[in-house]
Amino acid sequence: MNGEIKTIGVLTSGGDAPGMNAAVRAVTRTAITHGYIVKGIRRGYHGLLKEEIEELNSKSVSDIIHRGGTVLGTARSKSMMTPEGQDRAAYILKKHGIDCLVAIGGDGSLKGAASIMARGIPVIGIPATIDMDVACTEYTIGFDTAVNTALDALDKIRDTSASHERVSIIEVMGRGAGYIALWVGLAGGAEDVLARETYDGNEQVIVDHIIENRALGKRHHIIVNAESVGDSEELAKRIETVTGIETRATILGYLQRGGSPTCRDRVAASVFGEKAIELIDKGELNKVVVFRGNVPLGEDIRTVITSEQEMTDLEYLNPRKLVRT
C-alpha cells in the first residue's frame with residue numbers, strides 16, 4: 001500500500017464501452033485487497049461536480065463483470081472543459097478525502113484526469129473506448145466487443161443482401177479512427193471499406209467496383225463505411241441512381257456500444273484495473289495503463305494526451321494499408 005494514498009476514487013466517463021464494469025470491479029477489489037478505501041463517482045465528471053460519490057466494497061461490484069455499459073453511469077460535462085469546472089472537481093475530490101483518481105474512458109476522459117493532476121491530485125487513466133483511438137496503447141477496453149457486434153450484423157445483412165441482389169452499406173462507429181470499419185471489413189469479407197484514413201471521396205471507384213463485380217457474377221456487394229466518412233443513406237441513394245442496383249444503408253450506431261463484453265474485453269479490463277492499483281502501490285502516479293506487446297505498462301498521461309503517435313504505426317493494424325478488400 002502507498003502510505004501517502006488512503007482513498008482512491010474511480011469513475012467512468014465519456015462514451016460507454018463494454019468492459020468498463022470489469023475494470024471498475026478490478027480496480028475496486030484489487031484496491032480493497034491492498035488496504036485502500038474506494039469511492040465510486042457516478043455519471044463521470046458531471047457526477048463528480050454534483051458530488052455523486054459513494055464508498056464501494058467488494059459486494060458493490062459483484063455480478064457486474066459480464067454486464068455491458070457502466071454501473072457507475074457516464075455523462076458528458078461541458079463544465080469540466082472550463083478552468084472553473086476543473087478547479088471545482090479538484091476541490092470536491094479533496095473535500096471527500098480522495099487522494100488519487102482512477103479515470104476510465106477515452107481521450108477526453110484522460111484529458112479531464114490530466115487537468116485534475118495539474119491541480120495537485122494524482123491520477124491513473126485506464127483507456128476504454130470502442131474506437132481504439134487512444135495514443136500509446138495497442139488496445140482499449142470495448143473494441144473487441146464492438147467489432148464482434150458489428151461483424152455479427154454484417155453477416156446477417158449479407159444474407160438478405162444476397163437474397164435481394166443488393167448493394168448494402170453498413171455504417172459503423174469510428175468518429176476519429178477507422179479501426180472498427182477496417183476489422184469488420186476484413187473479417188466480414190466486405191468488398192469495400194471506407195475509412196477516413198484511406199477513402200479519398202472518389203465515389204466513381206466504388207461504382208466501378210460494383211459494376212465490375214456484377215459483371216463477374218457477384219450478386220451482392222457489401223460496403224463498410226466509418227461514420228466519419230459521410231452520410232451512408234445519401235451515399236446509398238447516389239449509388240442506386242448511378243448503377244440502377246438497389247442499394248440500402250444500415251447504420252449500426254449505438255448498438256455497437258452495448259452488450260455483454262467478450263472474454264477478451266473482460267480479461268483486458270481486469271488486467272488494466274489490477275495494473276492501475278499496482279502503479280499506485282509503487283508510487284508511479286499520473287500514468288495511463290497501456291498495452292504494448294500485450295504487456296500492461298504505465299505511460300505518462302501527458303505523453304498519451306499530447307502524443308501524435310497513433311496506433312497506425314503498428315503495421316498489422318494500419319488502415320492506411322487497406323484501400324479495398
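Summarised in this report is the structure supplied together with it. Bear in mind the structure is a predicted one, so any value in this text is a computation, not a measurement.

1. Thoughts on the pattern of salt bridges
Move 1: One pass over the structure, following the stated rule, counts 20 salt bridges.
Move 2: A salt bridge links Asp107 to Lys111; the shortest N-O distance between them is 3.1 Å. Of this pair, Asp107 and Lys111 both sit in helix α4 (residues 107-117), four residues apart, which is roughly one turn of that helix.
Move 3: Relative accessible area serves as the criterion here: at 43%, Lys111 is assigned to the partly exposed category.
Move 4: Shared partners join several salt bridges into a network, and the residues in it are Arg166, Glu240, Glu246 and Arg248.

2. Points about the pairing of strand β1 (residues 7-12)
Move 1: Most of β1 sits inside the fold, with six of its six residues counted as buried.
Move 2: Going residue by residue along β1, you find Thr7, Gly9 and Leu11 tucked away on one face and Ile8, Val10 and Thr12 tucked away on the opposite face as well.
Move 3: As judged from the five bridges shared by β1 and strand β2 (residues 37-41), these two strands associate in the parallel manner. Considered in β2, the bridge of Ile8 is made with Val38.
Move 4: Looking at chain direction, β1 and strand β4 (residues 100-105) are connected through five bridges and run parallel. The residue bridging Ile8 from the neighbouring strand is Cys100, located in β4.

3. Looking at the sheet that holds strand β5 (residues 123-127)
Sheets are built from strands paired through backbone hydrogen bonds, the pairs being either parallel or antiparallel.
Move 1: Judged by pairing direction, the sheet is mixed, and its seven strands sit side by side in the order β3-β2-β1-β4-β5-β10-β11 without closing on themselves. The sheet terminates laterally at β3 (53-56) and β11 (295-300), the two strands that pair on one side only. Here the strands of the sheet are splayed against their neighbours by 30 degrees on average, with no regard to which way each runs.
Move 2: Sheet contacts for helix α1 (residues 20-33): β1, β2, β3, β4 and β5; angle to β4, the most-contacted strand, approximately 160 degrees.

4. Things to note about the layout of surface pockets
Over the atoms rolls a probe the size of a water molecule, and its path tells where empty space is left.
Move 1: The calculated volume of the largest pocket comes to roughly 810 Å³.
Move 2: Along the wall of the largest pocket there are 31 residues; nearest its centre are Gly14, Gly15, Arg76, Gly108 and Arg175.
Move 3: Per element, the largest residue contribution to the lining of the largest pocket is six residues, and it comes from α4.
Move 4: Among the residues making up the lining of the largest pocket, the classes are represented as eight nonpolar, 13 polar and ten charged.

5. Structural notes on the packing of aromatic side chains
Move 1: Going through the model one piece at a time under the given rule, you end up with three aromatic pairs.
Move 2: With a centroid separation of 5.2 Å and an interplanar angle of 90 degrees, the aromatic rings of Phe143 and Trp183 are classed as edge-to-face. Here Trp183 lies in helix α6 (residues 179-188) and Phe143 lies in helix α5 (residues 143-164), a separation of 40 residues in the sequence.
Move 3: Grouping aromatic residues by their ring pairs yields a cluster made of Tyr139, Phe143 and Trp183.

Scoring rules and cut-offs
- Residues numbered from 1 in each chain as written.
- Predicted model: local features only at pLDDT ≥ 70, side-chain atom pairs only at ≥ 80, totals over all residues.
- Heavy atoms only, no water.
- Salt bridge = Lys/Arg side-chain N within 4 Å of Asp/Glu carboxyl O.
- Helix = DSSP H or I, 4+ residues; strand = E, 2+ residues; numbered from the N terminus.
- Buried < 20%, exposed > 50% of the residue type's maximum accessible area, 1.4 Å probe, protein only.
- Pairing = 2+ DSSP bridges.
- Axes fitted to C-alpha atoms, helices over the stretch in contact; angles between N-to-C directions.
- Contact = heavy atoms within 4.5 Å.
- 1 Å grid on protein atoms, 1.4 Å probe; cavity = no way out; pocket = protein on both sides within 12 Å on 5 of 7 lines; lining within 4 Å.
- Points joined across faces, edges and corners; volume = space filled by probe spheres on them.
- Nonpolar A, V, L, I, M, F, W, Y, C, P; charged D, E, K, R; others polar.
- Phe/Tyr/Trp six-rings, centres within 6.5 Å; stacked < 30°, edge-to-face > 60°.

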